[in-house]
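# Architecture at a glance
Chain residues, written in single-letter form:
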Amino acid sequence: MCQTPDWSLGDEYLRENAPELAPFVTKYAPCPLVAKPQEEYFGILLTGIISQQLPPEVSQELLAKLTTLTGRPITPEAVLKLQHADYLAIGLNQQKIDYLYGFAQAVADGKINMGKFADMTDSQITKQLLTVRGLGQWTIEMFLLLGLCRPDVVPSADYIFKKELQQLLNLYDLPKRGVINKVTETWRPWRSLAVWYLWQHANEK
């Protein structure tokens, strides 16, 4: 299992090195994010696959139906044990069924070894998970930040974060990856914490 960072150290760092974020640190600290246990990794990523391009209420309903069949936490073995008809009956389409089977099989075969994530870098985890059909950049970034609590994730695929960053720094356009990396350089190595604070600000609007 990955260790939760000491977010208070990040607060001190951001206050000293990113004065534009100091008001957010004052208002929203302390950050409550805690690294999830390893047995939940598979289910978190599976949720990302199911939720893609669906309204939140629809994806939540699908997940609720799925867990009645698989139990909690969802395991690769439980996913592989179910038949196609079981998935169709709860409302999943063929493409996502294929994605679920493919992901579960990759974990069961050891191609994706979640037990090693604690010893892997963010880029190594990302590279490995991008081999899974149905797992995109946004899902993986959210997993790194919210699931593993990696301290220096900058979710360049997240619209809410990009919009907040644009407003915070008075950028003309919605920033892309290269610009995001450049303008958040002074936030390293605590960019995850900065992102979380911007999310809290967005939630209040």
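Note that the coordinates shown come from a computational prediction; the quantities given were computed from them, not determined experimentally. (Residues numbered from 1 in each chain as written. Predicted model: local features only at pLDDT ≥ 70, side-chain atom pairs only at ≥ 80, totals over all residues. Heavy atoms only, no water.)

Within the secondary structure, Asp 122 sits in helix H8 (residues 122-129). Residue classification places Asp 122 among the partly exposed positions, given a relative accessible area of 23%. Distance in space between the C-alpha atoms of Asp 122 and Arg 150 is 7.6 Å, their sequence separation being 28 residues. Those residues in contact with Asp 122, other than ones at most four positions away along the chain, are Leu 144, Arg 150, Asp 152 and Val 153. (Helix = DSSP H or I, 4+ residues; strand = E, 2+ residues; numbered from the N terminus. Buried < 20%, exposed > 50% of the residue type's maximum accessible area, 1.4 Å probe, protein only. Contact = heavy atoms within 4.5 Å.)

The subject of this paragraph is the packing of helix H10 (residues 159-168) against helix H12 (residues 191-203). Contact pair H10 / H12: the axes reach a minimum separation of 9 Å and the direction vectors enclose 90°. Taken together, the axis directions place H10 and H12 in an arrangement best described as roughly perpendicular. In this structure, H10 uses Ile 160, Phe 161, Glu 164, Leu 165 and Leu 168 to contact H12, whose residues at the interface are Val 195, Leu 198, Trp 199, His 201 and Ala 202. Each residue belonging to the contact of H10 with H12 can be placed in one class, and the counts come to 8 nonpolar, 1 polar and 1 charged. (Axes fitted to C-alpha atoms, helices over the stretch in contact; angles between N-to-C directions. Parallel < 35°, antiparallel > 145°, perpendicular 65-115°, else oblique. Nonpolar A, V, L, I, M, F, W, Y, C, P; charged D, E, K, R; others polar.)

Here the bond from Ala 29 into Pro 30 is cis, since omega is 0°, no more than 30 degrees from zero. With respect to the helices and strands, the residue Pro 30 is situated in the loop between helix H2 (22-28) and helix H3 (41-51). For the bond from Arg 188 to Pro 189, the omega torsion is 0°, close enough to zero to count as cis. Position of Pro 189 among the secondary structure elements: in the loop between helix H11 (177-183) and H12. Unlike most non-glycine residues, Gln 53 shows phi in positive territory, near 65°. The exposure class assigned to Gln 53 is exposed, which follows from its relative accessible area of 84%.

Each aromatic ring pair is characterised by the separation of its centres together with the angle its planes make. The tally for this structure, following the rule as stated, stands at 7 aromatic pairs. With a centroid separation of 4.8 Å and 25° between ring planes, the pair formed by Phe 42 and Phe 103 is classed as stacked. With Phe 42 in helix H3 and Phe 103 in helix H7 (residues 94-108), this residue pair connects regions lying 61 residues apart in the sequence. This pair shows no difference in class: Phe 42 is buried, exactly as Phe 103 is. Taking 5.5 Å as the distance between ring centres and 85° as the angle between the ring planes, the aromatic pair formed by Tyr 87 and Tyr 101 counts as edge-to-face. One end of the pair, Tyr 87, is in helix H6 (residues 84-90); the other, Tyr 101, is in helix H7, and 14 residues separate them in sequence. Exposure remark for Tyr 101: the relative accessible area of 16% places this residue in the buried category. Counting every residue linked through ring pairs, the aromatic cluster contains Tyr 41, Phe 117 and Phe 143. (Phe/Tyr/Trp six-rings, centres within 6.5 Å; stacked < 30°, edge-to-face > 60°.)

What follows is about the nonpolar core. Counting 63 residues, the largest nonpolar core has Leu 14, Phe 103 and Phe 117 as the members making the most contacts within it. If one sorts the elements of this core by residue count, H7 sits on top with 8 residues. Not counting residues up to four positions away in its chain, the partners in contact with Leu 14 are Pro 19, Leu 21, Val 25, Trp 187, Trp 190, Leu 193, Ala 194 and Tyr 197. (Core = buried A, V, L, I, M, F, W, Y, C linked by side-chain atoms within 4.5 Å.)

The subject of this paragraph is the packing of helix H1 (residues 7-17) against H12. Direction vectors running N to C along H1 and H12 enclose 85°, while the axes themselves pass 9 Å from each other. With respect to their mutual orientation, H1 and H12 come out roughly perpendicular. Listed contacts from H12 to Trp 7, Gly 10, Asp 11 and Leu 14 of H1 are Leu 193, Ala 194 and Tyr 197. Here the contact of H1 with H12 is built from residues that sort into 5 nonpolar, 1 polar and 1 charged.

The values reported here are purely geometric and, on their own, carry no functional implication.
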